[in-house]
Amino acid sequence: MITAALLLSGEACAQPSSGGPLSIFDGIFTGSFSKGGQAAPSPQRPAASAQAQAAPTASSAALPWSGEDGASGHPLMTASAIREAAANFENCVAAMWPDAARRNISQQSFQHFTAGLEPDLRIMDLMDSQPEFTKSIWDYLDILVNDNRLAKGREILAKYKPQFDAVEKAYGVDRYTIAAIWGIESNYSTQMGDRSVLQSTATLSCIGRRQKYFRDEFLSALEILHRGDLRPEQMRGSWAGAFGPTQFMPTAFKRYAVDADGDGRRDVVDNPADLIASTANNLKKDGWQPGRSWGYEVVVPPDFNYMLADRAKAMTTAQWEHLGLKRADGRAFPHAGDKAYLLAPAGAEGPGFLMLQNFRVIMKYNPAEAYALAIGHFADRLRGGAPFVQPWPRQERELSRAERLELQQLLAQRGFYRGTPDGQFGGQTREALRGFQASIGAPADGFASSDVLERLRGR
């Protein structure tokens, strides 16, 4: 699913969350994974959560493991290492009993919920997939923010108005943002993934390159079941263990889930009151600012210094306005002292955005800028806002993985890129691109266009 897409694209990068193995959105522009750097997934959803891809179908879930080495090249992802770990799976799970006991999980619960568990090796292919082609940011937004999903979102807002009213009062979190997360993560509960969370997290705890991270998720899933908040059949979701309409990882459930209706269970799967309140609690604890926007679409003036388009270079909206940036809809910035950073996801040829604190909060939910932009825009549309004003450079084509790899290699040959070329674009690649663009007198926007690749080739 999309979120996974975006996240794992960075892991090369980082996360798994709702399904999404072969993410068509790999490499759009992944955030700087603040809760895992470029190695570990964020606690909330590891790499596959939103719905840019369809949720895995029963047939896709049943696909066998390819039996091949993983594309990451990690020693634990070789075919022989996977087979060896799979052969020891039962012993690996049993060895986690002392850790489970320390979490006050009874031996009866441990034995009951782990009995008959078998590894799902297909996950190894999904974890290490490297899509050949990617989607552009505008295609990504077209898929997620569409008329059908907006109509369903408005129905959800009306149907659960009392719950949204209560949550806004209790948590101060905008209902439209919660509804947007629900819509993008699971298309309003219609695409939540179909894999057993317990099986997926157990598999990843014992096999592959992320065992330490997923061991915590597996034990947390056991805690949820032992406590009785959810039943095993409710805990079905992505290959990485995210579940429910807004895709909670087990550890995120432990931190943020609440019993909103007082029935003694925190049911974020089938109970709308708990689901809405838990999602709001997550955003609130991550620093949500009540009554404030996520950001603004802005017109960036010609000859602007795109080296300022950097998440680390936040300024007040008044300072940005002094540099010539104006809101695309012609309105004034409501709070001149708000700190924001400039995002130019399609470079100098596309729209710009000033991102505020609430955008950063959404990125804690899923650390990919494309995802957070989709959530913010979807929320605005649900509240009656208009589409983006400025056009996207739809004439641009996305580079293939081979071209992305070549671009990094050429940047490295010229001394701009110091990482290991892998075809995955993150902050290091963007900075290298900016350096090259500045050296040839082009706008240093860090956008990987086919024209930039041709310039690197010397054509």
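The notes below deal with the structure included here.

Cut-offs used in this document
Residues numbered from 1 in each chain as written. Predicted model: local features only at pLDDT ≥ 70, side-chain atom pairs only at ≥ 80, totals over all residues. Heavy atoms only, no water. Helix = DSSP H or I, 4+ residues; strand = E, 2+ residues; numbered from the N terminus. Buried < 20%, exposed > 50% of the residue type's maximum accessible area, 1.4 Å probe, protein only. Expected span 1.5 Å × (residues − 1). Contact = heavy atoms within 4.5 Å. Core = buried A, V, L, I, M, F, W, Y, C linked by side-chain atoms within 4.5 Å. Pairing = 2+ DSSP bridges. Polar contact = N/O pair within 3.5 Å; in protein donor to acceptor, adjacent residues only side chain to side chain. Axes fitted to C-alpha atoms, helices over the stretch in contact; angles between N-to-C directions. Parallel < 35°, antiparallel > 145°, perpendicular 65-115°, else oblique. Nonpolar A, V, L, I, M, F, W, Y, C, P; charged D, E, K, R; others polar. Salt bridge = Lys/Arg side-chain N within 4 Å of Asp/Glu carboxyl O. Phe/Tyr/Trp six-rings, centres within 6.5 Å; stacked < 30°, edge-to-face > 60°. Arc of directions from axis to C-beta.

### Considerations on the overall build of the protein
Phase 1: Within the protein one finds 21 helices and seven strands.
Phase 2: Within the protein, the proportion of its 459 residues that are buried is 58%.

### Concerning helix α20 (residues 427–439)
Along an α-helix, residues three or four positions apart point the same way, because every turn accommodates 3.6 residues.
Phase 1: The terminal C-alpha atoms of α20, which comprises 13 residues, lie 18 Å apart, in line with the 18 Å expected from a rise of 1.5 Å per residue.
Phase 2: Among the residues of α20, those classed as buried are Thr-429, Ala-432, Leu-433, Arg-434, Phe-436 and Gln-437.
Phase 3: Packing partners of the buried residues in α20 comprise α19 (401–413) and α21 (450–457).
Phase 4: With its phi angle positive at about 80°, Gly-441 sits one or two positions after the end of α20.

### Some remarks on the nonpolar core
Phase 1: Counting residues in each nonpolar core, the largest one holds 52 residues, and the members touching the most others are Phe-359, Tyr-371, Leu-373 and Trp-392.
Phase 2: At nine residues, the largest contribution of residues to this core is made by helix α18 (residues 369–382).
Phase 3: Apart from the residues within four sequence positions on either side, Trp-392 is in contact with Ile-137, Trp-138, Leu-141, Pro-345, Ala-346, Pro-351, Phe-353 and Leu-373.
Phase 4: In this structure, Met-124, Leu-204, Met-235 and Val-269 belong to the second largest nonpolar core, which totals 48 residues.

### Some details on the pairing of strand β3 (residues 295–299)
Phase 1: Most of β3 sits out of view: four of its five residues are buried.
Phase 2: As judged from the two bridges shared by β3 and strand β5 (residues 326–327), these two strands associate in the antiparallel manner. Across the sheet, the residue bridging to Val-299 is Lys-326, located in β5.

### Comments concerning the sheet that holds strand β7 (residues 352–355)
Phase 1: Taken in spatial order, the five strands make up an open sheet running β4-β6-β7-β3-β5, and their pairing is antiparallel. Each edge of the sheet is formed by a strand with only one pairing partner; in this case those strands are β4 (315–316) and β5.

### What to know about the environment of Thr-279
Phase 1: Looking at the secondary structure, you find Thr-279 in helix α15 (residues 272–285).
Phase 2: Exposure remark for Thr-279: the relative accessible area of 0% places this residue in the buried category.
Phase 3: The spacing of Thr-279 and Phe-248 is 31 residues in sequence and 8.8 Å in space, taken between C-alpha atoms.
Phase 4: Ignoring sequence-local partners within four residues, the contact set of Thr-279 consists of Ile-178, Ile-181, Thr-246, Phe-248 and Tyr-365.
Phase 5: A polar contact is formed between the side chain of Thr-279 and the side chain of Thr-246, at a distance of 3.0 Å.

### Observations concerning the packing of helix α10 (residues 161–171) against helix α11 (residues 175–186)
Phase 1: Their axes nearest at 10 Å, the elements α10 and α11 cross at an angle of 120°. It follows that α10 is oblique to α11 by the angle criterion. Along the contact surface, α10 presents Lys-161, Phe-164, Asp-165, Val-167 and Glu-168, while α11 presents Arg-175, Ile-178 and Ala-179.
Phase 2: Counted by class, the contact of α10 with α11 contains four nonpolar, no polar and four charged residues.

### What about the pattern of salt bridges?
Phase 1: In the structure shown here, the tally under the stated rule is 28 salt bridges.
Phase 2: The salt bridge involving Glu-403 is made with Arg-397; its shortest N-O contact spans 2.7 Å.
Phase 3: The closest approach of N and O atoms between Arg-457 and Glu-454, which form a salt bridge, is 2.5 Å. You can see Arg-457 and its partner Glu-454 sitting in helix α21, three residues apart, about one turn around the helix.
Phase 4: What emerges from the salt-bridge pattern is a single network uniting Arg-103, Asp-216, Glu-223 and Lys-254.

### A short note on the packing of helix α9 (residues 147–159) against α10
Phase 1: Look at α9 against α10: their axes get within 5 Å of each other, and the N-to-C directions meet at 75°. Classified by the angle their axes make, α9 and α10 are roughly perpendicular. On α10, the residues touching Ile-156, Leu-157, Ala-158 and Lys-159 of α9 are Lys-161, Pro-162 and Phe-164.
Phase 2: Residues belonging to the contact of α9 with α10 are distributed by class as follows: five nonpolar, no polar and two charged.

### What to know about the packing of aromatic side chains
Phase 1: Under the counting rule described, the total for this entry stands at 15 aromatic pairs.
Phase 2: An angle of 70° between the planes, with centres 5.4 Å apart, marks the rings of Tyr-296 and Phe-333 as edge-to-face. Of the two residues, Tyr-296 sits in strand β3 while Phe-333 sits in the loop between β5 and β6 (339–343), which places them 37 residues apart along the sequence. You'll find Tyr-296 and Phe-333 in the same group, each marked buried.
Phase 3: When the ring of Tyr-341 is compared with that of Phe-359, the centres are 6.3 Å apart and the planes differ by 70°; the resulting orientation is edge-to-face.

### A short note on helix α6 (residues 107–114)
Phase 1: Buried residues of α6: Ser-109, Phe-110, Phe-113 and Thr-114, and no others. With its buried residues spanning 110° around the axis, α6 presents them on a single face. Projecting away from the buried face of α6 at angles above 90 degrees are the exposed residues Gln-108 and His-112.
Phase 2: Taken from the residues just after α6, Gly-116 is the one with a positive phi, measuring 80°.

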